[in-house]
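# Secondary and tertiary structure notes
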Amino acid sequence: MSLKTEHIYEGILKKDLVSLAKAMSILESKDHPARLPLVKKIFPTYGRSLRIGISGIPGVGKSTLIEKLGLKFIDSGLSVAVLTTDPASPVSGGSILGDRTRMPELSANKNAFIRCSSGYQGHGGLSRHAKELMLACDAADFDRVIVETIGVGQSEYDLAALVDIFIVLAMPGSGDELQGIKKGIYELADIIAITKADGDLLEVAKTAKLQHDNVISFMPSVGRRKKKVLLLSSRSGLGMDELVTEIDFFLTDAKKQTTFAARRNKQIEEWIKQEIHSQIEFRINQLLRSKGLLTEAYKKTLSKELNPLEAAAEIVNELIKTNL
Ligand SMILES: Nc1nc2c(ncn2[C@@H]2O[C@H](COP(=O)(O)OP(=O)(O)O)[C@@H](O)[C@H]2O)c(=O)[nH]1
Ligand SMILES: [Mg+2]
């Protein structure tokens, strides 16, 4: 490990936020020579922080909630790291919802650290390297790590497998409950919170809560506490204390029942699995580039000698011969 990386490592251990941000940049860049040495150094700290996953469609109120929740944790003497993704469009490269500014108070707090990765790095809005970023938060000894992901595609499933508690936010009156059932996302949720339960939306939110209560009453609670549906308003503060209590209660209870440990074991398993896929993909792309296989197949496909399916099969066979 270079002196510079050693310096960054020492900095993380002291919770120096600049070092932590630098470490995260290294961890997010696949080819960085310091990436592996850094992971090796910090891995022994794995699992120190409690991980909270928060998911829900864009605009449901995740970032606003995280700011309030983070400040509540800090008020009770805890330190908080937030990993979020900038829902930038790969086309315009611009931010749609301006997440960077959505947590102004929390970002100014010295007991908080906010990392905003660009959304299109990974699939569905979860940073491809969320696991490594969480590990860096462990090393910096943050008490709570909150990870935000937009409820799109695979990202919810990926996130649910990487955290100690998974909270799904639902918008009142949006038909979210049906969406949630369809995608099986409520099966993964430990807590479901109906957001924006204030002003004109309060009554709609109350109805949505009843619908959600009904939906989850049919779901089995295998090995864990029954799922909980809460009414929440980041604006009026309704349900905020209850949410904090529920999170603590859930985690304490999970630890007692050993489901917490089981989940942590699963997290490691999931991490290895995701890493296998990512390393194979990286190797394949390297080989494709170096061997010019793609160009050859492309030519044969253009001249209609092969169709794309055959061309791909030919390349795969060739790659297998090289033992990847
Ligand atoms: N009425 C109301 N609006 C909220 C609440 N929380 C967030 N919002 C608004 O909903 C919009 C989206 O919030 P945001 O936190 O960015 O959602 P995200 O995309 O899920 O992160 C913003 O305009 C917020 O001001 C709430 O509790 N009540
Ligand atoms: Mg957001």
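Computed from a prediction, not measured in an experiment: that's the story for all the values here. (Residues numbered from 1 in each chain as written. Chains lettered and ligands numbered in written order. Predicted model: local features only at pLDDT ≥ 70, side-chain atom pairs only at ≥ 80, totals over all residues.)

## A look at the overall build of the chain
Across its full length, the chain carries 14 helices and seven strands. A burial count over the chain gives 38% of its 324 residues as buried. Long-range contacts, defined here as pairs at least 24 residues apart, represent 72% of the contacts in the chain between residues at least 6 apart. (Helix = DSSP H or I, 4+ residues; strand = E, 2+ residues; numbered from the N terminus. Buried ≥ 20, exposed ≤ 12 C-beta atoms within 10 Å, placed from the backbone. Contact = placed C-beta atoms within 7 Å.)

## What to know about the confidence of the model for the chain
Mean pLDDT over the chain: 86, with 86% of residues reaching 70 or higher. At the low end of the mean pLDDT range in the chain sits helix α8 (residues 176–183), at 65; at the high end sits helix α4 (residues 62–75), at 96. In the predicted structure, residues 89–99 sits below a pLDDT of 50 and forms 17 contacts with residues beyond four places in sequence or in another chain. (pLDDT = per-residue confidence, 0-100.)

## Description of the site of ligand 1
In the region of ligand 1, 17 residues are neighbours, and G61, K62, S63, T64 and S234 sit closest. With three residues, the single largest contributor to the shell around ligand 1 is α4. The class makeup of the residues in the shell around ligand 1 is three nonpolar, nine polar and five charged. (Near = placed C-beta within 6 Å. Nonpolar A, V, L, I, M, F, W, Y, C, P; charged D, E, K, R; others polar.)

## A short note on the environment of L38
Take L38: it is sitting in helix α3 (residues 35–42). Exposure remark for L38: the 24 C-beta atoms within 10 Å place this residue in the buried category. For the pair formed by L38 and E6, sequence separation is 32 residues and the distance between their alpha carbons is 8.4 Å.

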